[in-house]
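One-letter residues, chain by chain:
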Number of protein chains: 2
Amino acid sequence: MEEKEISQAVIGRLPRYFRYLGELKDQGVERISSQDLSGLMKVTASQIRQDFNNFGGFGQQGYGYNVEYLYNEIGKILGLDRQHNFIIVGAGNLGRALGNYLNFERRGFIFRGMFDCNPELVGTDVRGIAVMPMEEMERFVRENNIDIAVLTIPKAGAVPVAEKLVRTGIRAIWNFAHVDLNVPEGIQVENVHLSDSLMKLSYNIRKGQNPAEAAEGGM
Amino acid sequence: MEEKEISQAVIGRLPRYFRYLGELKDQGVERISSQDLSGLMKVTASQIRQDFNNFGGFGQQGYGYNVEYLYNEIGKILGLDRQHNFIIVGAGNLGRALGNYLNFERRGFIFRGMFDCNPELVGTDVRGIAVMPMEEMERFVRENNIDIAVLTIPKAGAVPVAEKLVRTGIRAIWNFAHVDLNVPEGIQVENVHLSDSLMKLSYNIRKGQNPAEAAEGGM
């Protein structure tokens, strides 16, 4: 059966299902109804059923879902049954934080190399991975079967680095630089624009706490 | 005029408009049509007009938008004309990265304090802000007019810390812990679940690069 085109909104919700199902599995829960999952995750049961129907439904209604099966299936859909090798470009605090995050390894994302243009950082290490000079990045990506490059560098450097990465045949860029990258079709980009997230929070503070004043500001 | 209820999807797009308009403004561009903005941002002109109509439209069609006016108005809607004081809870790499991020200050988010339960980190500092012991957090939030708490601590600690913060009357939590927080209505939470973002990337790698195999995995 051909997999249909799934909206990015649905895809964006899959990791959260995966997280909740993983916790249920760890707690020894074997089956769960869409109603109970709905209560736990605070989304409607109909949303859950609709989301799962994109992938064939995963189980009988009324009888509930098999937690471990559902967890494994969603993991496979998310590509977590495969190993992905990644490098981090930018050895500042954010790059180091991501390099130290052991949970990525548990999900099959293996930290292979780190690069920085600052000579003072070259040779320092994160979890035994030495920071290498930027000039070595392209060769390293080509020779070490790297799938994902994590960009934790300032905006100005991100565009030329992304162009270099594209030439190496990288499959995906996880972009923390505050700029949108233009890459050819077939190369996946996922942006984490932290400022955008903070501004959204700021909007909700303004809107949630002082509706009268908020109305003035908005119009 | 009363501001209508705006969907979080629209809100989520405002920071990106704000970013592009800021760049146009810095380049000295005075007016831009929705067509040109559309080309630049790679969203449809109709999407842009629809989004802006939520806030009264911002300008005449056909004549284009005044860049500086639009930038300022969106900034006000996002609450960026106010100052927000924030603390960071968790002085690890991620907390330090955020504390060092000067752009937040430019947007009116002022870094006021940092807390950690690890006694070895207490007394170290980030940009002149000393890390304080966790026991001092509640008093500090109450006495220093703190609006936002940034949580960069592991999952297990996040729930009790959030409960404490709620008792202090905090207005918002920017949550990097990999757990959903239950807070009373009126307290805003914005989650940055980095693993979720990485899983979405992994899905798109699987789906984008090997459709035949992807179909098998998914069904």
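This one's a predicted model, so the numbers in the text were calculated from it and none came from an experiment.

**A closer look at the relation of the copies chain A and chain B**
The operation relating chain A to chain B is a screw motion whose rotation component is 180°, with 0.0 Å of axial translation and a residual RMSD of 0.0 Å. In the structure described here, the two chain copies are related by an operation that fits a two-fold rotation axis. Most of the interface of chain A is mirrored in chain B: 99% of its interface residues are interface residues there too.

**Section: the packing of aromatic side chains**
The tally for this structure, following the rule as stated, stands at 22 aromatic pairs over all chains. Pairwise contacts between aromatic rings join Phe86(A), Tyr101(A), Phe104(A), Phe111(A), Trp174(A) and Phe176(A) into one cluster.

**So, the pattern of salt bridges**
Under the counting rule described, the total for this entry stands at 21 salt bridges over all chains. The salt bridge partner of Asp196(B) is Arg19(A), with a shortest N-O separation of 3.5 Å. Taken together, the positions of Asp196(B) in helix H9 (residues 194–209) and Arg19(A) in helix H1 (residues 8–26) put the pair across two chains. With relative accessibility at 11%, the residue Asp196(B) sits in the buried group. The shortest N-O distance in the salt bridge between Glu23(B) and Lys155(A) comes to 2.9 Å. Here Glu23(B), found in helix H1 (residues 8–26), pairs with Lys155(A), found in helix H8 (residues 155–168), and the two come from separate chains. Connected via shared salt-bridge partners are Arg16(A), Arg19(A), Asp180(B) and Asp196(B).

**Regarding the environment of Asn118(A)**
Residue and element names in this part refer to chain A. As for its placement among the helices and strands, Asn-118 is situated in the loop between strand S4 (109–116) and strand S5 (125–126). Asn-118 sits in the partly exposed class, given a relative accessible area of 31%. Each C-alpha atom of the pair Asn-118 and Val-43 lies 46 Å from the other, and the pair is 75 residues apart in sequence.

**Remarks on the nonpolar core**
In terms of nonpolar packing, the biggest core is built from 98 residues, with Ile74(A), Ile148(A), Trp174(A), Ile74(B), Ile148(B) and Trp174(B) touching the most fellow members. In this structure, Ile148(A) is in contact with His84(A), Asn85(A), Phe86(A), Ile87(A), Phe109(A), Ile170(A), Ala172(A), Trp174(A), Leu198(B), Leu201(B) and Ile205(B), ignoring residues within four places of it in sequence.

**Some details on the side chain of Asp51(B)**
Residues and elements named next belong to chain B. Position of Asp-51 among the secondary structure elements: in helix H3 (residues 45–53). Looking at Asp-51, the relative accessible area reads 2%, which means it is buried. A polar contact is formed between the side chain of Asp-51 and the side chain of Arg-13, at a distance of 2.8 Å. Not counting residues up to four positions away in its chain, the partners in contact with Asp-51 are Val-10, Arg-13 and Tyr-17.

**Remarks on the pairing of S4(A)**
Residue and element names in this part refer to chain A. With 7 of 8 residues buried, S4 is to be regarded as a mostly interior element. With 6 bridges connecting them, strand S3 (residues 84–89) and S4 associate as parallel partners. By the bridge assignment for S4, Val-89 is matched with Phe-115. Sheet analysis places S4 next to strand S6 (residues 129–133), joined by 3 bridges and oriented parallel. Opposite Phe-115, over in S6, you have Met-132 as the bridge partner.

**Examining the sheet that holds strand S7 (residues 148–151) of chain A**
All names here are of chain A. As summarised here, the arrangement of the 7 strands in space is S5-S6-S4-S3-S7-S8-S9, forming an open sheet in which the pairing is mixed. The outermost strands of the open sheet, each flanked by one partner alone, are S5 and strand S9 (188–191). The sheet strands contacting H8 are S3, S7 and strand S8 (172–175), and the helix crosses S7 at an angle near 170°.

**Notes on the packing of H1(B) against helix H2 (residues 34–41) of chain B**
All names here are of chain B. Here H1 crosses H2 at 105°, and the two axes come no closer than 11 Å. Between H1 and H2, the interaxial angle falls into the category roughly perpendicular. Side by side, H1 and H2 meet where Arg-16, Tyr-17, Tyr-20 and Leu-24 of the first sit next to Leu-37, Leu-40 and Met-41 of the second. Counted by class, the contact of H1 with H2 contains 6 nonpolar, no polar and 1 charged residues.

**Remarks on the interface of chain A and chain B**
With 75 residues of chain A at the interface, the matching set in chain B holds 74 residues. Carbon and sulfur atoms make up 58% of the area that chain A and chain B hide from each other, which totals about 7000 Å². Here Arg16(B) makes a salt bridge to Asp180(A), at a shortest N to O gap of 2.7 Å. Where the side of chain A that touches chain B is concerned, the elements lending two or more residues are H1, helix H4 (67–77), helix H5 (93–99), S8, S9, helix H9 (194–209) and helix H10 (211–218) of chain A. At 16 residues, the largest contribution of residues to the side of chain A that touches chain B is made by H9(A).

**Side note on the confidence of the model for chain A**
Across chain A, the average pLDDT comes to 90, with 92% of residues at or above 70. As scored by the predictor, the complex reaches a pTM of 0.88 and an ipTM of 0.88.

**Structural notes on the pairing of strand S7 (residues 148–151) of chain B**
All names here are of chain B. Residue alternation in S7 divides its side chains into two sets, Ile-148 and Val-150 and Ala-149 and Leu-151, and both sets are buried. Summarising the sheet, strand S3 (residues 84–89) and S7 pair through 4 bridges and their orientation is parallel. Note on S7: the bridge partner recorded for Ile-88 is Val-150.

**Some details on H1(B)**
Residue and element names in this part refer to chain B. Given a rise of 1.5 Å per residue, 19 residues ought to cover 27 Å, and the 28 Å separating the end C-alpha atoms of H1 matches this to within 8%. Regarding H1, the residues found buried are Val-10, Ile-11, Leu-14, Pro-15, Tyr-17, Phe-18, Arg-19, Tyr-20, Leu-21, Gly-22 and Leu-24. Gly-28 sits one or two positions beyond H1 and adopts a positive phi of about 85°.

Cut-offs and rules
Counting restarts for each chain, with residues numbered from 1 along the sequence as it is written. A letter from A marks each chain and a number from 1 marks each ligand, given out in the order of writing. For this predicted model, a pLDDT threshold of at least 70 governs which residues receive local features, and a threshold of 80 or more governs which side-chain atom pairs are given and counted, while totals over whole chains, interfaces and linings are taken from all residues. As a convention, hydrogens and water are excluded, and side-chain values are obtained from all of the structure's heavy atoms. Least squares is used to superpose the copies, and the fit set is the C-alpha atoms of residues whose pLDDT is at least 70 in both copies. It only takes one pair of heavy atoms within 4.5 Å for two residues to be counted as in contact. Centres within 6.5 Å are what make two rings of Phe, Tyr or Trp a pair, Trp counting through its six-membered ring; a difference in plane orientation under 30 degrees is then read as stacked, over 60 as edge-to-face, and the rest as tilted. Should a side-chain nitrogen of Lys or Arg be within 4 Å of a carboxyl oxygen of Asp or Glu, the pair is scored as a salt bridge. A helix here means a DSSP run of H or I that spans at least four residues, while a strand means a run of E at least two residues long, and both kinds are numbered starting from the N terminus. Partly exposed residues are those whose accessible area sits between 20% and 50% of the maximum for their type, while under 20% is buried and over 50% is exposed, using a 1.4 Å probe and protein chains only. To qualify as a nonpolar core, a set must consist of buried Ala, Val, Leu, Ile, Met, Phe, Trp, Tyr and Cys residues joined through side-chain atoms within 4.5 Å. Nitrogen and oxygen atoms within 3.5 Å of one another constitute a polar contact, given that in protein one can donate a hydrogen and the other can accept it, and given that sequence-neighbouring residues count only through two side-chain atoms. For two strands to be treated as a pair, DSSP must find no fewer than two bridges joining them. Angles run from 0 to 180 degrees between N-to-C directions of axes, and those axes are lines fitted to C-alpha atoms, restricted for helices to the stretch in contact. Our angle categories are set so that under 35 degrees counts as roughly parallel, over 145 as roughly antiparallel, 65 to 115 as roughly perpendicular, and the remainder as oblique. Classification convention: Asp, Glu, Lys, Arg as charged; Ala, Val, Leu, Ile, Met, Phe, Trp, Tyr, Cys, Pro as nonpolar; all other residues, Gly among them, as polar. Buried area is a sum: the accessible area each of two parts loses on coming together, probed at 1.4 Å, counted once for each and added. Per residue, pLDDT captures the predictor's confidence, and it can take any value from 0 to 100. What a helix should span is 1.5 Å times the count of its residues minus one.

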